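# Reading the structure
Now for the letters of each chain:
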Amino acid sequence: MRRIAFVGMAVACAVGLSTAPAAADRSGPWKPAPSLPWDVAAGTRCAFPVHGEPAVDEVSFRVLKTFKDGTVRTQFTGAFVLRLTNKETGATTEADAGGDAVIDVAPDRSQSWRWKGPVMVGFSTGMGNHAPGLFILDGDYRLEISATGYRKLTKIRGTEIDLCAALS
């Protein structure tokens, strides 16, 4: 097993975002945000099927604000390490997907993510301005996800690691 390690706080950004928590107009209390294991088919993110599961999951969230248009701003933080497996070969890697994040979810389910530190983001062919795959994006980034799922990534500064390559 290979290990990719980063330092930081966490947010689970593997293949999507769970439904936004109940709305509030001020910073709410911190609540656990556990992540479930997940699978993606071959060709969806990597050329091979991938299984992901939390190895360490201490992620919490709180609602920061609900806007008049119904958009909910939520903050995520906490230790989060993913264990990824290439389901064809059994190769595994662990990646610390730690990063403080603020995510706005609009009523149409479009999302706006801002984070510092490493998170994991997946891209599908033709559904974003980034190469397809699973990536640890470490640094200062912005991600806009349309209601149709198209992902537009803006890198302010940072680095990326291709997790599909790490599992090959």
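Residues numbered from 1 in each chain as written. Predicted model: local features only at pLDDT ≥ 70, side-chain atom pairs only at ≥ 80, totals over all residues. Heavy atoms only, no water.

Regarding its fold elements, the protein presents one helix and 12 strands. Taken from the N to the C terminus, the helices and strands of the protein come in the order β-β-β-β-β-β-β-β-β-β-β-β-α. Accessible surface, the protein as shown: approximately 8000 Å² in total, 55% of it carbon and sulfur. (Helix = DSSP H or I, 4+ residues; strand = E, 2+ residues; numbered from the N terminus. Areas by Shrake-Rupley, 256 points an atom, 1.4 Å probe, with all protein chains shown as cover.)

All right, on to the nonpolar core then. Of all hydrophobic cores here, the largest spans 34 residues; its most connected members are V50, W115 and M120. Among the secondary structure elements, those contributing two or more residues to this core are β3 (38-40), β7 (80-86), β9 (100-105), β10 (111-123), β11 (133-145) and α1 (163-167). By residue number, the principal contributor to this core is β11, which donates seven residues. The contact partners of W115, leaving out residues within four places of it in the chain, are D100, A101, V121, L137, G139, D140, Y141, R142, L143 and L153. (Core = buried A, V, L, I, M, F, W, Y, C linked by side-chain atoms within 4.5 Å. Buried < 20%, exposed > 50% of the residue type's maximum accessible area, 1.4 Å probe, protein only. Contact = heavy atoms within 4.5 Å.)

On to the packing of aromatic side chains. Applying the stated criterion across every chain, the model contains four aromatic pairs. Taking 6.1 Å as the distance between ring centres and 40° as the angle between the ring planes, the aromatic pair formed by F61 and F76 counts as tilted. In this pair, F61 is assigned in strand β5 (residues 60-66) and F76 in strand β6 (residues 72-77), connecting sequence segments 15 residues apart. Assessed through its relative accessible area of 13%, F61 is described here as buried. Classification of F76 by relative accessible area gives buried; the value is 7%. (Phe/Tyr/Trp six-rings, centres within 6.5 Å; stacked < 30°, edge-to-face > 60°.)

Phi at R109 takes a positive value of approximately 80°, unusual for a residue other than glycine. For R109, the location among the structural elements is in the loop between β9 and β10. Residue R109 is classed as partly exposed on the basis of its relative accessible area, which comes to 40%.

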